Amino acid sequence: MRGTGRGVYVGVNGRGRYAACKGGGAERHVALCVAGRLVGWGGGSVCTGWAVRTVRVLQPRGGAFPAFPIPETGSAYAVLPVRPSPHALPTAMAAVAESLSFLGLTPSARDPATAVRRRNRGPRNRKKGWKRWAGPEARLGREIGDFLEDVTLQQRVAGGLIAEQPDAGLFFVDTGNAEKGRKRKNKIREKPLHIDLVLQPDSKVPPPKDILSHQIPNGKKERRRRQFWERLAQRGVLPRAERRLQTRLQNAAAPPRGPPREKAPEKGRVDPGRSFYDIWADDNPLERALVGQDSWFLQQTQKQRVKRPPRLQQKPSQLPAVEVIAPGGSYNPTFEDHQALLLKAHEVEVMKKRAEDKVERQLRFPTAAEAPTAETVFREQCEGLLEESEGEEEEEEEQKEEAVGGAQPSDPPRPPLRPGKKTEQQRRKEKEARAQELRRRQEKAWRCRQQQLFRLRSLGRQLRRWEQELLRRRRAREAKRREMEGRPRRLGRIKYEDPALEVQLSDELAESLRTLKPEGSVLHDRFKSLQKRSLIEPRERAKFKRKYRLKYVEKRAFREVTL
Amino acid sequence: MGGLEKKKYQRGSATNYITRNKARKKLQLSLPDFRRLCILKGIYPHEPRHKKKVNKGSTAARTFYLLKDIKFLLHEPIVNKFREYKIFVRKLRKAYGKSEWGTAERLKDNKPTYKLDHIVKERYPTFVDALRDLDDALSMCFLFSTFPRTGKCHVQTIQLCRRLAVEFLNYVIASRSLRKVFLSIKGIYYQAEVLGQPITWITPYTFAHDHPTDVDYRVMATFTEFYTTLLGFVNFRLYHSLNLHYPPKIDGQAEVEVKPAEGKEYAMDSESYLEKLSALSASLARVVAPTQEDDVEMDEFPVEGETAEQMDARRKEQEALEKHKKLFEGLRFFLNREVPREPLAFVIRCFGGQVSWDKSLCIGATYDVSDPSITHQIVDRPRVEQQVVGRYYLQPQWVFDSVNAKLCLPVADYFPGVLLPPHLSPFVTEQEGDYIPPEKLKLLAMQRGEDPGEETEEEEEEEEEEEEDDNDKDEEEEEEDESEKEEEIKLKKMEEQKAQSNKALPVKVTAGKVRLEDKQRLEQEQQSEEKRLAIMMMKKREKYLYKKIMFGKKRKIREANKLAAKRKAHDTALKEEKKKTKKARRA
């Protein structure tokens, strides 16, 4: 491979030109060329694609041996400060020549193998080892490394070797600053954002292609399968899915059974164009599947809906859904009806006013006549003191009297508490007493019953009276319940309140339908009606609650304003 | 003793109820979802009889539900849909947050939806059940259909409500089932009789209305969501009961008429169809072409225990109804642009009239103002320039009053610029002994076929005018006195009659029946005698009750008399004022 490999041009540095030759194996070889002439071969283990970082010289070559045609574009070097100046070029060339001579690249050079042996210190496969190793090869290697770094830098910055750039890519024609002045105004706007600059790609080397993204997983297998099915298709065998599709198409084409079913997206429940059907018919779509089936079969195979309990068919209130406004609410009412409605509205207002007045009266500051004087204050402070003492004395006296009078007549010797067990005799006596008491009671009851025979009439009267009382109570209860039924239930924190009566005053009444100004809102009426029928609980709008207190800060600009 | 200790609140009513929050937790739903579910399923909170027991000793006011109701809710399939929807919203929010537009689109395509069909069927097992609950549904749909499309609720809901409302109106027109209309200051009340069920609904005036803030729109929207589904199914059934197409189709020849003639494009066909329908001027196409002899005599089967009289009354009622349905048949109306078009067109068409309006006002105008066959032009301005001979110019109230009175009222009271007679509520039915305003009395008389009040009053007025000319006040006063006396006598008579009649007495005895007077009087005497004896034979308690009832009746009559007197005073005051103004004008 060596020497005959396809050459890939690597780059130039101030001291010479190098060409890299891509080897076929894992090892890459670099041809070292100076001034268009191959000077030797280098080998690098640290090669990443194009950028060959460190190259070790493997075999210097003697003699003039043109390896690859390397273009001479040295004139471009003068431009960039990155590059060595054209004046530096000869010196660099001289240095290379020197190194070459040191290396023995001249015909008169010694064989490196026979050169003076130096001790190898450590491995040289890392840069650290190289640094320690101060041989001529090492120097060359370092130089090559520097050179390669430079090449990569050029590639990153300029997108290729500067030496190869056309002149237009490097220079521009300076035509004075006439345009500059004109453009200055827009400069601020033209200046890109910093973030855009930061996000721009740093290097001009295009990113390597991701080969994996173009690969198809299981591509080989799929291809083989495809080929297999193609072969089968030639013989007339189709896959199952295809066969089913074909048959379905044929079936659909041949007998046009029913209308062609187009799968339009089902319209939602609020779509203005939605369709309806006869839901109360026997064969409505909801129950079509269930009609005519055995109930046992359905019970075993279908998930059946839970039956709605009949209690729910009753509405919570018997009030009508739409309560028609009183005749006085006509847009052109009769005199009496209107007056009646006004009276009703007036009564509501009076009640409201009364409640308001009551609160006001209770909260009012007392007038001069009612204001407490020194005398009333004193009396208030003494309240109860004098009278109480009198009362107490009396009470005490009474208690004393009671104690004196009560103690004398009733002075039975208290039976001493027996801490121990009862004697047998005591038990017997108690038992006898109990039995006797029981007997006495039974006898009395029997006697009473005997007597009741003669009280039959009065007993009957009593019974009747009691039954009537019960009946009255039941009726009262029912009446109360009936009365409560019409009323809206208490369903939550807030009580239902009747909406304000819609009424128009006599001078607000419309002359004709055209001039009518509607009163109240139907929406409000409907909402209140739902509440009145206890279908929804009355609620109040949730109040906005601030979690944290607002903090007030005076802005400086505001503070600075002085008037 | 033995046995387990009984603990408080583990038995009885405390276990039958569940608080709202507990129910919500049991169903694993958020509060708005729970509320929506309850409304859709028709499950309402319950007020327990012993709150303290149910509330485990606390007296705080809480919302309770029956535990069995909540257990019933647990089986509802749309509960799962609510949960799915919650998850869907979460996913969508996440996708938006991550700017994954593709994911968001995919999620939106698979948005979980639910339908309420099965709930409608469950809540209303029969069609009649649904009809009975239609009041709410109609009111809600009519209300929502007037909402502006400003985001208070979904635009789709508004459109659906409008469609359903228009369909229902068209059904009422086709079946001629409207019975009563009442223009109130709040809105227009309608009552129709659909398959024997009276259905009342209210529609707001079409003026722009402000939205009240103390109304929970979410709750209302949920109710509407359910009611639109219900109304749709009801409409379908109603249309099919009349052999009409559903969704409604405008009759072929009518459609040609409705189409703008000049070839000007009004709107796209699909868009303008609903508008054409909502114009209410065209009749609907039937599935089966109507035969010419449509009205077949109904076979009459006497109901068990029904006398010939009752049957007769029934037949009469039927005839009156048929007559009422054809109230405006053969009349051609034209609506000026200042009158509310939709209610008027609806009412006129409901009673067989033909109606049109200015072409620029709305689609569906069938004839022009200059059409000579127009019989009534509805006008609502103080005076009309260039009146065409051969047609009445009337204020819109005439139409509504005529419908309520079940006859075409005399037009003189309703000419433009004339002070209108009051618009009476047709929903008020006076009990016996109630005060009836004179306007209503006049109306009742006219319904009976008499024509008393109108002419006499006019005559009176004329007389009055003459008298005024003569400046003969004394006579007038006398006359008034006389009339007053007459009325007093009449009232006294009425009072007596009413006092006599008790519950057992049939009301119709005195109503004009052709009988020999002697017999009648004899019978009456006998009856009064019997009654007197019966009162004498009453027990003390019952007599007390009877006296109480009679006293109440008398009081009612007294009140009615008082009201009548008041009205009379008011009227005379008005008259005198009028006279004064007239005199002033003359002078």
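Residues numbered from 1 in each chain as written. Chains lettered and ligands numbered in written order. Predicted model: local features only at pLDDT ≥ 70, side-chain atom pairs only at ≥ 80, totals over all residues. Heavy atoms only, no water.

This is how the line gets drawn: UniProt positions are given in the numbering used here, feature names are shortened, and annotations may be inferred rather than shown by experiment.
Taking an unreviewed UniProt entry as the reference, chain A is identified by name as Ribosome biogenesis protein NOP53 belonging to Gallus gallus. Its UniProt record, at the heading Sequence similarities (unreviewed entry), says of chain A: "Belongs to the NOP53 family."

## Brief notes about the overall build of chain A
What counts is decided by this rule: Under the DSSP-based scheme used, a helix requires at least four consecutive residues in state H or I and a strand at least two consecutive residues in state E, with every element numbered from the N terminus. The buried label goes to any residue with under 20% of its type's maximum accessible area, the exposed label to any with over 50%, and the partly exposed label to all in between, with areas taken from a 1.4 Å probe on protein chains only. Contacts are residue-level and defined by heavy atoms, with any inter-residue pair within 4.5 Å sufficient. Per-residue accessibility takes into account occlusion by the displayed protein chains alone, with areas from the Shrake-Rupley method and a 1.4 Å probe.
A tally of regular secondary structure across chain A gives 18 helices and five strands. Per-residue burial over chain A gives 21% buried out of 563 residues. By sequence separation, contacts in chain A at least 24 residues apart represent 53% of the contacts at least 6 residues apart. As displayed, chain A offers around 46,100 Å² of accessible surface, 54% of which is attributable to carbon and sulfur atoms.

## With respect to the interface of chain A and chain B
Condition: Accessible area, probed at 1.4 Å, shrinks when two parts are joined; the buried area is that loss added up over both. A pairing counts as a salt bridge when a side-chain nitrogen of Lys or Arg comes within 4 Å of a carboxyl oxygen of Asp or Glu. Here a polar contact is recorded for every N or O atom pair within 3.5 Å, except that within protein the pair must consist of a potential hydrogen donor and a potential acceptor, and residues adjacent in sequence are included only if both atoms are side-chain atoms.
Each partner contributes to the interface: chain A provides 73 residues, whereas chain B provides 104 residues. Summing the contributions of chain A and of chain B, the shared interface buries around 7,800 Å²; its carbon and sulfur component is 63%. Summed over the three residues of chain A that lose the most area to chain B, namely A:Arg269, A:Phe276 and A:Trp280, the buried surface amounts to 12% of that side. At the boundary of chain A with chain B, the tally comes to 15 salt bridges. With a shortest N-O distance of 2.1 Å, B:Asp69 and A:Arg311 are connected by a salt bridge. One can count 38 residue pairs in polar contact (both at pLDDT 80 or more) joining chain A with chain B. Going through the elements one at a time, α12 (335-363) and α17 (522-532) of chain A are the ones with two or more residues in the side of chain A that touches chain B. Element by element, the count of residues in the side of chain A that touches chain B is highest for α17(A), at seven residues.

## Remarks on the packing of aromatic side chains
As a reminder, the rule being used: A pair of Phe, Tyr and Trp rings is counted when the ring centres sit within 6.5 Å of each other, with Trp represented by its six-membered ring. The angle between the planes then sorts it: under 30 degrees is stacked, over 60 is edge-to-face, the rest tilted. Placement of a positive charge over a ring is assigned whenever Lys NZ or Arg CZ falls within 6 Å of the ring centre and within 35 degrees of the normal to the ring plane.
Counted by the stated rule, this structure contains 28 aromatic pairs over all chains. Geometrically, the ring pair formed by B:Phe328 and B:Phe333 is edge-to-face, given 5.3 Å between the ring centres and 65° between the ring planes. There is no split in this pair, since B:Phe328 and B:Phe333 are both buried. Here A:Arg269 stacks its cationic end above the ring of B:Tyr114, 3.8 Å away from the centre of that ring.

## A closer look at the sheet that holds strand β7 (residues 354-357) of chain B
All names here are of chain B. Rule in force here: Pairing between two strands requires that DSSP report at least two bridges joining them. A fitted line through C-alpha atoms serves as each axis, taken over the contacting stretch for helices, and the angle formed by two N-to-C directions is quoted from 0 to 180°.
Reading across the sheet, the four strands line up as β7-β6-β8-β9 and stay open at both edges, with parallel pairing between neighbours. Of all strands in the sheet, those bounded by a partner on one side alone are β7 and β9 (392-394). Pairs of neighbouring strands in the sheet enclose a mean axial angle of 25°, with direction left out of account. Sheet analysis places strand β6 (residues 332-335) next to β7, joined by four bridges and oriented parallel. By the bridge assignment, Phe334 is partnered in β7 with Ser356.

## Description of the confidence of the model for chain B
Residues and elements named next belong to chain B. Applicable threshold: pLDDT is a residue-level measure of predictor confidence that goes from 0 to 100.
Per-residue confidence for chain B gives a mean pLDDT of 83, with 82% of residues at or over 70. Low pLDDT, under 50, characterises residues 501-506; the stretch is placed with ten contacts to residues that sit more than four places away or in other chains. In the predicted complex, the global pTM is 0.62; the interface-specific ipTM is 0.78.

## Thoughts on unusual backbone geometry
Residues and elements named next belong to chain B. Note that the residue after Tyr246, namely Pro247, is joined by a cis bond; omega there is -5°. Locating Pro247 in the fold gives a position in the loop between α12 (217-241) and α13 (252-258). Residues other than glycine seldom take positive phi values, yet Ser99 does so here, at roughly 60°. Among the structural elements, Ser99 can be located in the loop between α6 (77-97) and α7 (101-109). Look at Lys406: it is not a glycine, yet its phi comes out positive at around 65°. Looking at the secondary structure, you find Lys406 in the loop between α17 (397-405) and α18 (438-447).

## Some points on the packing of helix α16 (residues 341-350) of chain B against α17(B)
Between two packed helices, both the angle of their axes relative to each other and the distance between the axes serve to describe the pair. All names here are of chain B. How we decide: Crossing handedness is read from the near helix: turned anticlockwise from the far helix by less than a right angle, it gives a left-handed crossing, and turned clockwise, a right-handed one. Lys, Arg, Asp and Glu make up the charged group, whereas Ala, Val, Leu, Ile, Met, Phe, Trp, Tyr, Cys and Pro make up the nonpolar group; the residues left over, Gly among them, are polar.
Between α16 and α17, whose axes approach to 10 Å, the crossing angle comes to 35°. Handedness of the α16/α17 crossing: left-handed. Here Pro343, Leu344, Val347 and Ile348 of α16 lie close against α17, whose contacting residues are Val399, Phe400 and Val403. Its residues placed into classes, the contact of α16 with α17 shows seven nonpolar, no polar and no charged.

## Description of the pairing of strand β3 (residues 178-183) of chain B
All names here are of chain B. In terms of burial, β3 is largely enclosed, as five of its six residues are buried. Across five bridges, β3 lies against strand β4 (residues 188-194) in antiparallel orientation. The residue of β4 that forms the bridge with Leu183 is Ile188.

## Some thoughts on the side chain of B:Asp33
All names here are of chain B. On the secondary structure map, Asp33 appears in helix α3 (residues 31-41). Of the residues examined, Asp33 reaches a relative accessible area of 13% and is grouped as buried. Polar side-chain contacts of Asp33 include one of 3.2 Å to the side chain of Arg36.

## Some words on helix α2 (residues 20-27) of chain B
Residue and element names in this part refer to chain B. So the rule is basically this: Relevant arc is that of directions from the helix axis to the C-beta atoms, nothing else.
Among the residues of α2, Ala23, Arg24 and Leu27 are the ones counted as buried. All buried residues of α2 project into a common sector of 100° when viewed along the axis, lining one side. Against β1 (17-19), α3, α5 (67-73) and α6 lie the buried residues of α2. With its phi angle positive at about 55°, Gln28 sits one or two positions after the end of α2.

## Here we look at the nonpolar core
Filter applied, for reference: Buried residues of nine kinds, namely Ala, Val, Leu, Ile, Met, Phe, Trp, Tyr and Cys, make up a nonpolar core once their side-chain atoms join them within 4.5 Å.
In this structure, A:Trp280, B:Leu178, B:Trp201, B:Phe328, B:Phe346 and B:Val347 are the most contacted members of the largest nonpolar core, which totals 134 residues. Leaving out residues up to four positions away in the same chain, B:Phe346 has contacts with B:Leu169, B:Val172, B:Ile173, B:Leu178, B:Tyr190, B:Trp201 and B:Leu280. Counting six residues, the second largest nonpolar core, distinct from the first, contains A:Ile144, A:Phe147, A:Val151 and A:Leu161.

## Focus on the confidence of the model for chain A
All names here are of chain A. Looking at chain A as a whole, the pLDDT averages 74, with 67% of positions reaching at least 70. In this model, residues 43-115 is a region of pLDDT below 50 whose contacts with residues beyond four sequence positions or in other chains number 115 contacts. Confidence drops under pLDDT 50 across residues 403-407; counting only partners more than four residues distant or on other chains, this segment forms two contacts.

## Some thoughts on the sheet that holds β3(B)
All names here are of chain B. In spatial order, the strands read β3-β4-β5; together these three strands make up an open sheet with antiparallel pairing. In this open sheet, the two strands that pair with only one neighbour each are β3 and β5 (197-203). Averaged over all adjacent pairs, the angle separating strand axes in this sheet is 15°, with direction ignored.

## Notes on a nonpolar patch on the surface
For clarity, the cut-off: Residues form patches when they are more than 30% accessible in relative terms and have no salt bridge. Like charges link within 9 Å. Nonpolar side chains (Val, Leu, Ile, Met, Phe, Trp, Tyr) link within 5 Å.
A cluster of nonpolar residues, A:Leu193, A:Ile195, A:Val198 and A:Leu199, forms a patch on the protein surface that exposes about 420 Å² of accessible area. Inspection of the secondary structure assignment puts A:Ile195 in helix α7 (residues 194-199).

## A few points about the side chain of A:Gln504
Residues and elements named next belong to chain A. Of note, Gln504 is situated in the loop between α16 (456-486) and α17. We classify Gln504 as buried; its relative accessible area is 3%. A polar atom in the side chain of Gln504 sits 2.7 Å from the backbone oxygen of Lys517.

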